[in-house]
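# Commentary on secondary and tertiary structure
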Amino acid sequence: MASIDIKNVRKDFGPVSVLKGVDLAIASGEFAVLVGPSGCGKSTLLRLIAGLEDASSGEIHIGGRRVDDLPPRDRDIAMVFQSYALYPHMNVRDNMGYSLRLKRTPQARIAEIVGRAGAKLGLEALGERKPRELSGGQRQRVAMGRAIVRNPKAFLFDEPLSNLDARMREQMRFEIRKLHRDLGATSVYVTHDQIEAMTMADRIVAMNAGIIQQVGTPLELYDDPANVFVAGFIGSPAMNFLTGEARRGETGVALSVGGKAFCTLPQAVAVPEDGRVTIGIRPERIRIGVGAGQAVEAAADLVETTGAASVVHVDLAGQAMKIFTTERLQLSQGQRIPLAIEAKDVCLFDPAGGGRLR
Amino acid sequence: MSATVSLPTGSRARRRLLMFEPYLYSAPALLLVAATTLIPIVIGISYAFRNIMLLDPTSGDFVGLDNFRELLRDASFWNALKNTVVWTASCVGFQFLFGLILALMLNRPFPGRALIQATIFLPWAIPTFLVGMNWSWLLNPAIGPLPHWAYALGLMNAPDNILSDPDYALWGPIFAGIWWGTPFFAITLLAALQSIPREIYEAAEIDGAGGLERFRSITLPFLAPTMVITVLLRTIWVANSPELIVVMTKGGPADASQIVASYVFTQAYQGLNFGYASAVATALVLLLLVYAFLLIAIRQTMLGRR
Ligand SMILES: Nc1ncnc2c1ncn2[C@@H]1O[C@H](COP(=O)(O)OP(=O)(O)OP(=O)(O)O)[C@@H](O)[C@H]1O
Ligand SMILES: [Mg+2]
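Bear in mind that the values here come from a model prediction, so they are computed numbers and not experimental data.

### Describing the pairing of strand β14 (residues 276-281) of chain A
Residues and elements named next belong to chain A. Extensive coverage of β14 is indicated by the burial of five of its six residues. Note: β14 against strand β20 (residues 346-349), four bridges, orientation antiparallel. What sits directly across from G280, in β20, is C347.

### A closer look at a nonpolar patch on the surface
Residue and element names in this part refer to chain B. Nonpolar side chains collect at one region of the surface, where F94, L97, F98, I101, M105, Y168, W171 and F175 lie side by side and expose about 740 Å² of accessible area between them. At the level of secondary structure, the elements contributing two or more residues to the nonpolar patch comprise α4 (75-106) and α8 (171-194). With five residues, α4 is the single largest residue contributor to the nonpolar patch. In this structure, F175 sits in helix α8. Classification of F175 by relative accessible area gives partly exposed; the value is 38%.

### Side note on unusual backbone geometry
All names here are of chain A. The omega torsion across S236 and P237 is -5°, close enough to zero to call that bond cis. One can find P237 in the loop between α8 (228-233) and β11 (240-248). In the Ramachandran plot, A85 falls in the positive-phi region, its phi being about 50° despite a non-glycine side chain. Checked against the element boundaries, A85 lands in the loop between β6 (77-80) and α2 (92-102).

### Observations regarding the domain arrangement of chain A
Residues and elements named next belong to chain A. As assigned here, chain A comprises domain 1 (4-233) and domain 2 (240-357). Look at where the C-alpha atoms of domain 1 and domain 2 centre, and you get two points 39 Å apart. Contact with domain 1, which involves 10 residues of that partner, is made by nine residues of domain 2. On inspection of domain 1 and its partner domain 2, the count reaches two salt bridges. D223 is the salt-bridge partner of R285, the closest N and O atoms lying 3.8 Å from each other. Where domain 1 touches domain 2, the interface holds six residue pairs in polar contact (both at pLDDT 80 or more). Those elements that provide at least two residues to the side of domain 1 that touches domain 2 are α7 (218-223) and α8. Of the residues belonging to the side of domain 1 that touches domain 2, the class tally is six nonpolar, two polar and two charged.

### Comments concerning the side chain of T128 of chain B
Assignment of secondary structure puts T128 of chain B in helix α6 (residues 128-139). Not counting residues up to four positions away in its chain, the partners in contact with T128 of chain B are W180, E243 and L244 of chain B.

### Things to note about the packing of α4 of chain B against α8 of chain B
All names here are of chain B. Between α4 and α8, the least distance of the axes is 6 Å, while the angle of their chain directions is 40°. Taken as axis vectors, α4 and α8 run oblique relative to one another. The element α4 and its partner α8 pack so that their crossing is right-handed. When its residues are assigned to classes, the contact of α4 with α8 shows 21 nonpolar, six polar and no charged.

### Some points on the site of ligand 1
Residue and element names in this part refer to chain A. Close contacts around ligand 1 come from F13, V18, S38, G39, C40, G41, K42, S43, T44 and E159, and that covers them all. At 3.0 Å, a backbone N or O of G41 approaches an oxygen atom of ligand 1. A distance of 2.8 Å is found between an oxygen atom of ligand 1 and a side-chain nitrogen or oxygen belonging to K42. The protein chains hide 59% of the 630 Å² of surface that ligand 1 would expose on its own. Here the residues of the shell around ligand 1 sort into three nonpolar, five polar and two charged.

### Brief notes about the sheet that holds β20 of chain A
Residue and element names in this part refer to chain A. The strand order across the open sheet formed by six strands is β13-β12-β11-β14-β20-β21, and the pairing between neighbours is antiparallel. Here the strands that pair on one side only, and so sit at the sheet edges, are β13 (260-265) and β21 (356-357). Here two bridges tie β20 to β21, and the two strands are oriented antiparallel to one another. Note on β21: the bridge partner recorded for F349 is R356.

### Some words on the sheet that holds strand β4 (residues 57-62) of chain A
All names here are of chain A. Pairing is antiparallel across the open sheet formed by four strands, whose spatial order is β2-β1-β4-β5. Both outer strands of the open sheet, β2 (16-26) and β5 (65-66), are each paired with one neighbouring strand and no more. Pairing analysis gives two bridges linking β4 to β5, with the strands arranged antiparallel. Residue pairing across strands places H61 opposite R66, the latter belonging to β5. Across the sheet, helix α1 (residues 42-50) lies against β1 (4-13), β2 and β4, angled at about 120° from β1, the strand it touches most.

### Some points on the interface of chain A and chain B
Between chain A and chain B, the residue contacts involve 23 residues of the former and 19 residues of the latter. Buried surface at the junction of chain A and chain B, both sides included, amounts to about 1800 Å², of which 57% is carbon and sulfur. Looking only at chain A, the three residues that lose the most surface to chain B are R73, Y87 and H89 of chain A, adding up to 27% of its buried area. Summed over the shared surface of chain A and chain B, the number is one salt bridge. Between E202 of chain B and R47 of chain A there is a salt bridge, with its nearest N and O atoms 2.7 Å apart. Counting across the interface, chain A meets chain B through nine residue pairs in polar contact (both at pLDDT 80 or more). At the level of elements, α1, β6 and α2 of chain A are the ones that each hand at least two residues to the side of chain A that touches chain B. Along the lines of polarity and charge, the residues of the side of chain A that touches chain B split into 14 nonpolar, three polar and six charged.

Criteria and cut-off values
- Residues numbered from 1 in each chain as written.
- Chains lettered and ligands numbered in written order.
- Predicted model: local features only at pLDDT ≥ 70, side-chain atom pairs only at ≥ 80, totals over all residues.
- Heavy atoms only, no water.
- Buried < 20%, exposed > 50% of the residue type's maximum accessible area, 1.4 Å probe, protein only.
- Helix = DSSP H or I, 4+ residues; strand = E, 2+ residues; numbered from the N terminus.
- Pairing = 2+ DSSP bridges.
- Patch = residues over 30% accessible without salt bridge, like charges linked within 9 Å, V, L, I, M, F, W, Y side chains within 5 Å.
- Areas by Shrake-Rupley, 256 points an atom, 1.4 Å probe, with all protein chains shown as cover.
- Salt bridge = Lys/Arg side-chain N within 4 Å of Asp/Glu carboxyl O.
- Domains from an automatic or database assignment.
- Contact = heavy atoms within 4.5 Å.
- Polar contact = N/O pair within 3.5 Å; in protein donor to acceptor, adjacent residues only side chain to side chain.
- Nonpolar A, V, L, I, M, F, W, Y, C, P; charged D, E, K, R; others polar.
- Axes fitted to C-alpha atoms, helices over the stretch in contact; angles between N-to-C directions.
- Parallel < 35°, antiparallel > 145°, perpendicular 65-115°, else oblique.
- Left-handed = near helix turned anticlockwise from the far one by under 90°.
- Near = heavy atom within 4 Å.
- Buried area = accessible area lost by both parts, 1.4 Å probe.

Right, here's the structure in full:
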């Protein structure tokens, strides 16, 4: 178990700058999830921590020790790859015991450690099988077993579940969390799936275009996003963004969309000079019906239902918006519905930089 | 379906016809193969049991195993057999070794790799005949530099032509063969190397495997099937290829650099003794068959273990 500290790390591939100055501190025993869209540099950051790639500048510390110049095997970390990267010509037991064999651990001791890891992952019956004789989920488990067996300071996961079907993914998500609870080892988990990030993380690190956008607990990112990117990336269905106007008045900051009043925020909120803002509101925070605040009228467009809940697509002064509701509604196209919006659920963003206006 | 149930006798005839169906379909192909491959082989082997001298119209009698008895007493044949082993083992061995080294070097990126790769694969595109000519000139002290260089380095006592030295003549064609055949191994091994997923190396690196250990436990097992099949094919190919020897030494001086394949050629087209040449060729085929079965068996057990 160890902390991981990343200080102003940059990584360039030739002329392409992939990581543009990353600072990140992961506490000992923490389960941190790196999340972001494809190509934002998550894997690159993970590979830098593992030592599979060298940073262009900056420092990486694991357990207080600077590891920039150490080869991967001396960093005492274990990595689970998206493709699992099992050794195809070795059976399950040899795959898991390979690192111990290289450390010249006695045979009996290897058998014991591998046996224990196998039991934890439900692999006892598969010891003699080759990777090609396993299902995707079983391969995934072997890859995890190989990591556990090393008893490393930190686990690194690079999208380990993305090759599994939805149900298997759900189960493995749960199992990885349980495993982390049992072992308590520092873990860095890369995914582009925000649901995985939300459900698994102690802390989420949201990245975009090689820059860390926000670090915080899942609910911090969900309730209090630092910018448009985080607000839009976390949460499903995604947050609604409306182009609107903010005008400071007697009672507070009045927001309007397409000239119609939307909601009034407290005076404290910052507003740009020209009054143009991006209004963000989560689909599940919008209530259909007349509430305590101002009622906003929208036109229903389409209802999608999953059974448990529905997503209502509406048109508000020419801008599309989604509403998430557990009520079962019968709406016809074009039907006008009143929406209740509360000031505390509204996030304001600067349309120019995408930063949060507070 | 209902017709076959109601007519049991008809269905039996039909079933018998169905049994022959696959053979009927493949018959044209089989006939073609028999006509173009099997029949010439049988006729060729039948020469080994006859006395066929091309310029002697009275020859052609059936002589039983006479040709083979003569073969067993023929010192030139035994020498050629020994040379075949030396020739094949050195050619294939060094071609494989250099090809593997080249493939490993070309498998990692470095500036100018594409150009070097193209240059290295060039010898493979040159006809063997030209390769042989080229190397005989290189080894000829009158026009080529190699003997002088070897002399200057102290490798030779005098800048002589090794092609005319009975003790070393075979090594001339061997050098040429290595130079010519190395790209074949480089190409096939490089293709196999490039099919190994990078992440497996990375996993091993994290697991603590050094460079040599990664080569032993990942590269070798991945390459093994390719290695076995290419070595098997090349061995038969090289053992059967007399061109370089015929061009460079004509098997000489005094049969010193003869391999079995070139000995067949010499017997047939210089001695014009087709019967005897055919007996020598048959012996070569038998030896190579034994070799091929051995290697296929090894490959099967290797695949079984994977
Ligand atoms: N070896 C490399 N050479 C050049 N560019 C690279 C290299 N590795 C990664 N990149 C580039 O760096 C960027 C980030 O890659 P990275 O693999 O870290 O993305 P990612 O966030 O893991 O995406 P994904 O979710 O698709 O896995 C990409 O634009 C990629 O093209
Ligand atoms: Mg990635």
